[in-house]
Amino acid sequence: MHRPVPIPDIARGPPFFYYENVAMTPKGVWAKISSHLYDIVPEFVDSKHFCAAARKRGYIHNLPIQNRFQIQPPQHNTIQEAFPLTKRWWPSWDGRTKLNCLLTCIASSRLTEKIREALERYDGETPLDVQKWVMYECKKWNLVWVGKNKLAPLDADEMEKLLGFPRDHTRGGGISTTDRYKSLGNSFQVCYLYQFSFWFERCLGF
């Protein structure tokens, strides 16, 4: 609700700008970006505080920050809340409640089949080494449980939901499924982007 370093007078008021980039840039990149945008100190936000998927991003902007608010209703905050049908199949040794950052590509069907085959070798408790391997792949590819011993990557509609977009936002218009994943993996996280929408509308006269 306050800026640690006030923005200079030249950057106050319109024209307004809003610059976004990944938080984990190489050393010195954010300082260079800031130097080209009136030395405004970037803000860093992780979407895991607002929804079921992590997404660490940085922002440099000159928008007013008073009276910020979270969009309503708030998004589902855990995987199980967002996708309740997965609860039935979720094993006790998978302790995830959040997904990692959504990627521009997904796991192959060969990998999910390999995992299913490995899990079905055991009637009782799954060996610890197998659990660790499965969890590594789950976290890497954001796999969710869709059946007994069955994992699947998120489809494009599910990614839209997690990112805060309306259903079919990236569907149609000649866009392929591969391009849908690319566009979603490179997109804004709407759940906190919309905290600024009120100011955009006021400042631009909408």
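Residues numbered from 1 in each chain as written. Predicted model: local features only at pLDDT ≥ 70, side-chain atom pairs only at ≥ 80, totals over all residues. Heavy atoms only, no water.

(A) Examining the pairing of strand 4 (residues 143-147) more closely. Counted residue by residue, strand 4 has four buried out of five residues, so it is predominantly covered. With four bridges connecting them, strand 4 and strand 5 (residues 150-153) associate as antiparallel partners. The residue bridging Gly 147 from the neighbouring strand is Lys 150, located in strand 5. (Buried < 20%, exposed > 50% of the residue type's maximum accessible area, 1.4 Å probe, protein only. Helix = DSSP H or I, 4+ residues; strand = E, 2+ residues; numbered from the N terminus. Pairing = 2+ DSSP bridges.)

(B) Representation of helix 5 (residues 156-163) within the structure. Taken across its eight residues, helix 5 has six buried, putting it largely inside the fold. When we look at burial in helix 5, the residues that qualify are Ala 156, Asp 157, Met 159, Glu 160, Leu 162 and Leu 163.

(C) The arrangement of helix 3 (residues 109-119) in detail. All buried positions along helix 3 are accounted for by Leu 111, Thr 112, Ile 115, Ala 118 and Leu 119. In a view along the axis of helix 3, the buried residues occupy a sector of 120°, so they form one face of it. More than 90 degrees from the buried face of helix 3, the exposed residues found are Ser 109 and Arg 110. The elements touched by buried residues of helix 3 are helix 4 (128-141), strand 4 and strand 5. (Arc of directions from axis to C-beta. Contact = heavy atoms within 4.5 Å.)

(D) Expanded view of the side chain of Gln 80. On the secondary structure map, Gln 80 appears in helix 2 (residues 79-82). By relative accessible area, which is 14% here, Gln 80 ends up buried. Polar side-chain contacts of Gln 80 include one of 3.5 Å to the backbone oxygen of Arg 96. Among all residues touching Gln 80, those that are not within four sequence positions of it are Thr 86, Lys 87, Trp 90, Arg 96 and Thr 97. (Polar contact = N/O pair within 3.5 Å; in protein donor to acceptor, adjacent residues only side chain to side chain.)

(E) Quick look at the environment of Gly 95. Structurally, Gly 95 is set in the loop between helix 2 and helix 3. Along the sequence, Gly 95 and Met 135 sit 40 residues apart, while their C-alpha atoms lie 9.3 Å from each other.

(F) Summary view of the pattern of salt bridges. Throughout the structure, instances matching the rule amount to nine salt bridges. A salt bridge links Arg 12 to Asp 9; the shortest N-O distance between them is 3.2 Å. The exposure class of Arg 12 is partly exposed, given its relative accessible area of 46%. Judged by its relative accessible area of 65%, Asp 9 is exposed. Asp 157 is the salt-bridge partner of Arg 180, the closest N and O atoms lying 3.0 Å from each other. Of this pair, Arg 180 sits in helix 6 (residues 177-185) while Asp 157 sits in helix 5, and the two are 23 residues apart along the sequence. Within this structure, Asp 157, Glu 160, Arg 167 and Arg 180 form a network of salt bridges that share partners. (Salt bridge = Lys/Arg side-chain N within 4 Å of Asp/Glu carboxyl O.)

(G) Molecular detail of the sheet that holds strand 1 (residues 18-22). With antiparallel pairing, the three strands of this open sheet are ordered in space as 1-3-2. The open sheet terminates on both sides in strands that have one partner only, identified here as strand 1 and strand 2 (43-46). Along the sheet, successive strands turn relative to each other by an average axial angle of 30°, direction set aside. (Axes fitted to C-alpha atoms, helices over the stretch in contact; angles between N-to-C directions.)

(H) Summary view of the nonpolar core. In terms of nonpolar packing, the biggest core is built from 31 residues, with Val 134, Leu 154 and Leu 162 touching the most fellow members. Elements with a minimum of two residues in this core: helix 2, helix 3, helix 4, strand 4, helix 5 and helix 6. Other than its neighbours up to four places away in sequence, Leu 154 contacts Phe 83, Leu 99, Leu 102, Ile 106, Asn 142, Val 144, Met 159, Leu 162 and Tyr 181. In this structure, Ile 7, Phe 17, Trp 30 and Ile 40 belong to the second largest nonpolar core, which totals eight residues. (Core = buried A, V, L, I, M, F, W, Y, C linked by side-chain atoms within 4.5 Å.)

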